[in-house]
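A structural walkthrough
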Amino acid sequence: MINNVSLMYECVSAIGNSLKLDEMLEEVFKTFILRTGGIGAQYIANDQATSSVSVGKEFNAPQTLNRNTKSFEIHEILSVAYVIDIALENGNLLFLYKKNDDLEYIGRMFSSFSVKLNNAIDACISVQQLQEHNVALKTIVEAEQKKNELNEQMMVNQSRMAVMGEMIGMIAHQWRQPITIIGMIANNTLFDIELEEHTSAKLVEDLNSINYQVRYLSETIDDFRNFFRPDKELQETSGRQLYADLLAILGNSMEQNNIKINCKGDCEHSFISYKNELVQVFLNIVSNAKDAFLENEITNREITIECTKQEDTMCFTLEDNAGGIPKDVVDHIFEPYFTSKPEEHGTGLGLYMSHTIITNHLKGEIGVSTSSSGTKFFIRLPKLMKQKEL
């Protein structure tokens, strides 16, 4: 047998070199049986949830295992083999030998390592339990994220439905004038035919006027339909395009309420994003400004959209002079179902969904500042979005 000090050093150095139980014990077993002449080893855990580990020749464990963690036992198997049984807090280490030579000394030596062996096994089991807990926690988190995504999508749809209700009223208003014009042209043409005063040239002129009004009606429908179509693909857009889309939807309403919308700065600079979602944010902010103008009875009504390009981002500010937001309200405007409007005029979802769209969907930032003169919203977006999973 090799020098006792060297033997003990090699054996104790093999303990605790991995945080995976099977790997750690495999190294321990191989070192122990190699340096002491053993032919097999195994670990039998007290906890059935912890896997047993074995190395070398397979053998059946003694029917009665040692339970004294301060000592060891030697079991004789049919007078042809011997098993050193080391009791630990979490199970038993068993070492198989053909001969009985030096087993008392080897048993005492192995038993002297029990504290370090216990600590090493405990560490491995703790890591394994932590990994299992993390997997379970990850499953719970993923399920909650999925649930939150569904709730968020439901809120997006709810917000869009609220906007859609307003849009239907706008469509009806925008259609009233062209429909009236078409009706007047048709009545005048019938009247001219009845008086036999119509001419081919006048009929062509009237039909062209009707076609112009029909195209206007069709374009109005397209503008609203495009807005409500879900964004599935990234689009190249610009501040100017967003401004044009906003006016196509709200322009008539803004004009009717004497609200001027300006666009300035780097409005021609293009970037890649989900355009319709960004238009919805602008629409929510501008619609709230319109309501504030009316509520505060502002006479000189103006909204300014400013675009600023930076190295990797596009920044927008939407500023109005509608009198500002009260300090006790401004800290809560991005919260769901929070509204300072009467219940019949607000769902409390518009600005919450604007915040969700900017931060979660478009990976940007949104903030707000207010004063007695008006409110300014700040939006910062990446110039190049990555395709989101749908």
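What comes next concerns the included structure. These numbers were taken from a predicted model, which means no experiment stands behind them. Sequence order as written defines residue numbering, which begins from 1 separately in each chain. In view of the model being predicted, local features appear only for residues whose pLDDT reaches at least 70, and side-chain atom pairs are presented and counted only at 80 or more, with totals across whole chains, interfaces and linings using the full set of residues. Hydrogen atoms and water are omitted, and side-chain values are computed over all heavy atoms in the structure.

Bringing helix H6 (residues 239-256) into the picture now. A helix here means a DSSP run of H or I that spans at least four residues, while a strand means a run of E at least two residues long, and both kinds are numbered starting from the N terminus. Expected span of a helix, by definition, is 1.5 Å for each gap between consecutive residues, and there is one gap fewer than residues. Spanning 18 residues, H6 covers 24 Å between terminal C-alpha atoms, matching the ideal 26 Å at 1.5 Å per step. To get the bend at any residue, fit one axis to the seven residues that end at it and another to the seven that begin at it, then take the angle between the two axes. Leu250 marks where H6 bends most, by close to 65 degrees. Considered for burial, the residues of H6 that qualify are Gly239, Leu242, Tyr243, Asp245, Leu246, Ile249, Leu250, Gly251, Ser253 and Met254. Of the residues flanking the end of H6, it is Asn258, one or two places downstream, whose phi is positive at about 55 degrees. Note on exposure labels: buried denotes an accessible area under 20% of the residue type's maximum, exposed denotes more than 50%, and partly exposed covers the range between, all computed with a 1.4 Å probe on protein chains only.

Interaxial angles span 0 to 180 degrees and are taken between N-to-C directions of axes, which are lines fitted to C-alpha atoms, for helices over the stretch in contact. Where helix H1 (residues 4-13) meets helix H2 (residues 21-36), the closest approach of the two axes is 8 Å, and the angle between their N-to-C directions is 160 degrees. With respect to their mutual orientation, H1 and H2 come out roughly antiparallel. Note on packing geometry: the crossing formed by H1 with H2 is right-handed. Across the interface between the two elements, Leu7, Glu10 and Cys11 from H1 touch Thr31, Phe32, Arg35 and Thr36 from H2. Amino acids are sorted into nonpolar (Ala, Val, Leu, Ile, Met, Phe, Trp, Tyr, Cys and Pro), charged (Asp, Glu, Lys and Arg) and polar (every other residue, Gly among them). Partitioning the contact of H1 with H2 into residue classes produces three nonpolar, two polar and two charged. Under this scheme an angle from 65 to 115 degrees is roughly perpendicular, one under 35 degrees roughly parallel, and one over 145 degrees roughly antiparallel; angles in between are oblique. Crossing handedness: left-handed means the near helix sits turned counterclockwise from the far one by under a right angle, and right-handed means the same turn made clockwise. Residue contacts are defined here by distance: any two heavy atoms, one from each residue, within 4.5 Å place the two residues in contact.

With that out of the way, let us pick up the sheet that holds strand S12 (residues 375-382). Only strands that DSSP links by at least two bridges are regarded as paired with each other. In spatial order, the strands read S7-S9-S10-S12-S11; together these five strands make up an open sheet with mixed pairing. Of all the strands in the sheet, the pair left with one neighbour each is strand S7 (259-265) and strand S11 (365-370). With strand direction ignored, the average angle separating the axes of adjacent strands in the sheet is 15 degrees. Of the pairings in the sheet, the one linking strand S10 (residues 313-320) to S12 comprises seven bridges and is antiparallel in character. Each residue of the ladder has a partner; that of Glu319, found in S12, is Lys376. Where helix H9 (residues 350-361) meets the sheet, its contacts fall on S11 and S12, and the angle it forms with S11 comes to roughly 140 degrees.

Nothing here speaks to function; it is all geometry.
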